[in-house]
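Overview (structure and organization)
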Amino acid sequence: MLSKERIDKVLTAALNKGGEFAELFFEKKQSNQLSMESSRLEKVKTGYDLGVGIRVINGEQVSYAYTDDITLDSLLETAKAAGTASKYNEDITINNLQRKNIDSDHQIKIRPETVEKIKKKEILETANNSARNVDQRIQQVMVSYIDYYQQVLIANSTGLLVEDERVRTRMMVNAIASDGEIIQTGRETPGKHVGFELFDEYPPEEVGKKAGEKAITMLEARPAPSRRMPVVVNHGFGGVLFHEACGHGLEADAIQKGSSVYTDRIGEKVANKKVTAIDDATVLNEWGSFVVDDEGYPAEETVLIKDGELTDYMYDYKTAKKEDRESTGNGRRQSYQSQPIPRMTNTFIAPGESKPEDIVSSVDRGLYAKSLSGGQVEPATGDFTFTVAEGYLIEDGEISEPVRNATLVGNGPESLHRITMVGDDLEHAPGMCGKEGQSIPAAVGQPTLLIEELTVGGTEREEG
């Protein structure tokens, strides 16, 4: 880490030519990756990143420079480069740096860097074998593991000086099943802001087995029907639909650019009254959690939609300053080489009061989307298409036969109005969120919920 004296010199140099605000972001990161394919260990990789990013803001103007050389001379040169882009401003002040110590609630029981690589390899082998043992029709299994340890220090010209430590561990299993004509995939991807204790909650044999069973279930499924129908979306990764189709439209940069359907709609009804949507970086040990964001603001819970009414957006420092308000702690960046921008953390629909079984039994004929995979969204309108990774028909209030190749087609804002039942079984799921070329860990989540009508695209057209 850097000394207060060195940081003060760098911030002073950054503002030497002008600017209203200067910030230093220091990052030290170590990551470990292992991957297995065709039952062979394909990759063992350890990566180290160390560097500093310096940002200078003057009104709407932002200049940014970074370096992987943290000697004082290099930092001063980088600060000078960042500051040169700012126009002259005589009213320059740099407050005394005050170190802020914030205790983390995200306890790490088994630090990944203390675990031998042979133990991590055993985890891959266990998941691989478990997936293959499900059925002889499992033709291929790919398993990967990643952990990383990230230290950050953020200081700025307002006097802020704060540090954070993030530890994340994740496993991904892809099982591919084939009967010679059809190929289907099953995927499981547990991950949290924890250490190697992740596998106490998600044993690798169970993760591999679920991925294998999902692939076989979809292999035996019949083509999905194609028509408008009620859709029950399972808890957990089903929340990706809200994240992609609505969440990005609630980030303040999209709002201020006027590129979101939610611009200037605070106080309006934008969803069914049963819907409350939250972004919360304080969720204990969740994938997208942290103590402070990448601008040094404490993690917090932001209620975006309350009982169907739009209540707030997600802000970083720059977008908050533009509206003369506080950041919501959503300033995030991929690394020291990237500028922070407003990003989601753990974004989810809050639990309701319905039991998942009651939600399913309320549907006469519909689709049960047990898990979703990728999708496409038009940011300006919220129009979306998502693929159902594991789906089933609902007939006479019961989950019946599996169906494959189903897609969900709709509009995010409209779908929020069509959510008529919300379960009490909230679950989060990890993912990597991409925006403006930056990829960051972000969790999605929701309880089981009912969308009363949605277009289901399938390869089999039903009568009526």
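Let me begin by describing the structure that accompanies this report.

Cut-offs and rules
- Residues numbered from 1 in each chain as written.
- Predicted model: local features only at pLDDT ≥ 70, side-chain atom pairs only at ≥ 80, totals over all residues.
- Heavy atoms only, no water.
- Helix = DSSP H or I, 4+ residues; strand = E, 2+ residues; numbered from the N terminus.
- Rg over C-alpha atoms; globule rule 2.2 N^0.38 Å.
- Buried < 20%, exposed > 50% of the residue type's maximum accessible area, 1.4 Å probe, protein only.
- Contact = heavy atoms within 4.5 Å.
- Areas by Shrake-Rupley, 256 points an atom, 1.4 Å probe, with all protein chains shown as cover.
- Expected span 1.5 Å × (residues − 1).
- Axes fitted to C-alpha atoms, helices over the stretch in contact; angles between N-to-C directions.
- Parallel < 35°, antiparallel > 145°, perpendicular 65-115°, else oblique.
- Left-handed = near helix turned anticlockwise from the far one by under 90°.
- Nonpolar A, V, L, I, M, F, W, Y, C, P; charged D, E, K, R; others polar.
- Pairing = 2+ DSSP bridges.
- Core = buried A, V, L, I, M, F, W, Y, C linked by side-chain atoms within 4.5 Å.
- Phe/Tyr/Trp six-rings, centres within 6.5 Å; stacked < 30°, edge-to-face > 60°.
- Salt bridge = Lys/Arg side-chain N within 4 Å of Asp/Glu carboxyl O.

Remarks on the overall build of the protein
The secondary structure content of the protein amounts to ten helices and 24 strands. Whereas a compact globule of 464 residues would reach a radius of gyration of roughly 23 Å, the protein reaches 24 Å, a difference of no more than 12%. A total of 464 residues make up the protein; the buried ones form 55% of that total. Residue pairs in contact within the protein that sit at least 24 positions apart in sequence constitute 74% of those at least 6 positions apart. In the form shown here, the protein has an accessible surface area of approximately 19,800 Å², with 44% of it arising from carbon and sulfur atoms.

Digging into helix α5 (residues 204–219)
Compared with an ideal rise of 1.5 Å per residue, which puts 16 residues at 22 Å, α5 spans 23 Å between its outermost C-alpha atoms and is within 8% of the ideal. For α5, the complete set of buried residues consists of P204, V207, G208, A211, G212, K214, A215, I216, M218 and L219.

A look at the packing of helix α1 (residues 4–14) against helix α2 (residues 72–84)
Here α1 crosses α2 at 30°, and the two axes come no closer than 7 Å. With respect to α2, the element α1 is oriented roughly parallel. The handedness of the crossing between α1 and α2 comes out as right-handed. Residue-level inspection shows R6, K9, V10, A13 and A14 of α1 in contact with α2, the latter providing L72, L75, L76, A79 and G83. Taken together, the residues of the contact of α1 with α2 break down into seven nonpolar, one polar and two charged.

Side note on the sheet that holds strand β23 (residues 438–446)
A sheet is described by the order of its strands in space; here six strands give the open sequence β13-β12-β11-β16-β23-β22, paired in mixed fashion. Pairing within the sheet leaves two strands with one partner each, and these edge strands are β13 (309–310) and β22 (427–435). Bridge count for strand β12 (residues 301–306) against β13 is two bridges, and the pairing is antiparallel. When the bridges of β13 are listed, I305 appears paired with L310.

Overview of the side chain of S335
With respect to the secondary-structure elements, S335 resides in the loop between β14 (331–332) and β15 (341–342). Contact partners of S335, with chain neighbours within four places excluded, come to F25 and E27.

Comments concerning the nonpolar core
Ranked by size, the top nonpolar core spans 45 residues in total, and within it V231, Y262, I305, L367, L408 and L416 carry the most contacts. For L416, the contacting residues outside a window of four places in its chain are F242, C246, Y262, V270, A271, N272, V275 and I305. If you look at the next biggest cluster of nonpolar residues, it comprises 24 residues, including A131, V141, A175 and F199.

Some thoughts on the packing of aromatic side chains
Scanning the model with the defined rule gives eight aromatic pairs in all. Summarising the aromatic geometry, the rings of Y313 and Y315 are spaced 6.5 Å apart at their centres and angled 55° between planes, so their arrangement reads as tilted. On the basis of relative accessibility, which here comes to 4%, the residue Y313 falls in the buried class. Overall, Y315 belongs to the buried group, its relative accessible area being 2%.

A closer look at the pairing of strand β16 (residues 346–349)
Here β16 shows no split at all, with N346 and F348 on one side and T347 and I349 on the other all buried. Sheet topology note: the strand β11 (residues 277–280)/β16 ladder contains three bridges and is antiparallel. Its bridge partner being in β16, A277 is matched across the sheet by I349. Relative to β23, β16 runs parallel, the two being bridged by three bridges. Among the inter-strand pairings, N346 is bridged to a residue of β23, identified as A443.

Considerations on the pattern of salt bridges
All chains considered together, the criterion is met by 27 salt bridges. Two residues, E453 and R228, come together in a salt bridge whose shortest N-O distance is 3.1 Å. Taken as a pair, E453 in strand β24 (residues 449–457) and R228 in strand β10 (residues 227–233) lie far apart in primary sequence, 225 residues in all. Given the relative accessible area of 32%, E453 is considered partly exposed.

Comments concerning the environment of N101
Positionally, N101 belongs in the loop between β4 (98–100) and α3 (117–132). The spatial distance from the C-alpha of N101 to the C-alpha of E163 is 7.5 Å, given a sequence separation of 62 residues.

Section: the pairing of strand β7 (residues 183–188)
Burial along β7 is one-sided: the face carrying Q184, G186 and E188 is buried and the face carrying I183, T185 and R187 is not. Here six bridges tie strand β6 (residues 160–178) to β7, and the two strands are oriented antiparallel to one another. Counted as the bridge partner of V173 is E188 from β7. The antiparallel hairpin formed by β6 and β7 contains four residues in its connecting segment, where G180 sits at a positive phi of about 100°.

Points about unusual backbone geometry
Of note in the backbone geometry, D264 takes a positive phi value of approximately 60° without being a glycine. The topology assignment puts D264 in the loop between α7 (252–257) and β11. A relative accessible area of 70% means that D264 is categorised as exposed. Of note in this structure, N285 is not a glycine but carries a positive phi near 60°.

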